[in-house]
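# Architecture at a glance
Each chain, written out:
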Amino acid sequence: TRGTTRAHIARATLDSIAFQVTDLVRTMNGDADCPITTLRVDGGASVSDILMQTQADLLRLPVDRPAMVETTAFGAAALAGLSAGVWGGMEELEGLRRSQHVFRPEREESACAGDYCRWRRAVERSAAWAEE
């Protein structure tokens, strides 16, 4: 509507990320022998408390954000350190990860399920929007 603001667009973007990750995790859980019980996150988007809480609410799982969210750079440094003998093995590296915050589901499950259903319906309706 004409009342839509930048804040609405930003929130819709974050919600869209959470809904897409929910789709992915549900698909993975359907295909895997062992379900995901905690979602470990990293990267730029993980610094958004709103996104991480929304993700925990939708998945009904804890979402664990590390103290160091730029894990790609850390991974490269860790591999270099392993190669140079700074660390004795993977066990030492695993001990370096620290959680900064674990988000747990807070919103009512039925409200989250309703939001997810409306989003899936919107995706289905827009699927054939563009013609090839």
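Because the structure is predicted, anything quoted here is derived from the model rather than measured.

### Observations concerning the environment of H101
Turning to its location among the elements, H101 is positioned in strand 3 (residues 99-103). Residue H101 is classed as partly exposed on the basis of its relative accessible area, which comes to 35%. Measuring from C-alpha to C-alpha, the distance between H101 and D64 comes to 6.1 Å, with 37 residues separating the pair along the chain. If near-sequence neighbours (up to four positions away) are discounted, H101 is found in contact with V63, D64 and R65.

### Some thoughts on the sheet that holds strand 1 (residues 39-40)
Judged by pairing direction, the sheet is mixed, and its 3 strands sit side by side in the order 1-2-3 without closing on themselves. Looking at which strands have only one partner, the edges of the open sheet turn out to be strand 1 and strand 3. Most of the contacts of helix 2 (residues 49-59) go to strand 2 (residues 63-66), to which it runs at about 150 degrees, and overall it touches strand 1, strand 2 and strand 3.

### Section: the packing of aromatic side chains
Under the definition given, this model contains 3 aromatic pairs. Relative to W119, the ring of F19 has its centre 5.1 Å away and its plane inclined at 20 degrees; by these criteria the two rings are stacked. In this pair, F19 is assigned in helix 1 (residues 6-31) and W119 in helix 5 (residues 109-126), connecting sequence segments 100 residues apart. Exposure class is identical for F19 and W119. Each is buried. Relative to W119, the ring of Y116 lies with its centre 6.3 Å away and its plane at 35 degrees, an arrangement referred to as tilted. Separated by 3 residues within a single helix, Y116 and W119 lie in helix 5, roughly one turn from each other. Residue class for W119 comes out buried when judged on its relative accessible area of 17%. Among the aromatic residues, ring-to-ring pairing joins F19, Y116 and W119 into one connected group.

Quick notes on the rules
Residues numbered from 1 in each chain as written. Predicted model: local features only at pLDDT ≥ 70, side-chain atom pairs only at ≥ 80, totals over all residues. Heavy atoms only, no water. Helix = DSSP H or I, 4+ residues; strand = E, 2+ residues; numbered from the N terminus. Buried < 20%, exposed > 50% of the residue type's maximum accessible area, 1.4 Å probe, protein only. Contact = heavy atoms within 4.5 Å. Pairing = 2+ DSSP bridges. Axes fitted to C-alpha atoms, helices over the stretch in contact; angles between N-to-C directions. Phe/Tyr/Trp six-rings, centres within 6.5 Å; stacked < 30°, edge-to-face > 60°.

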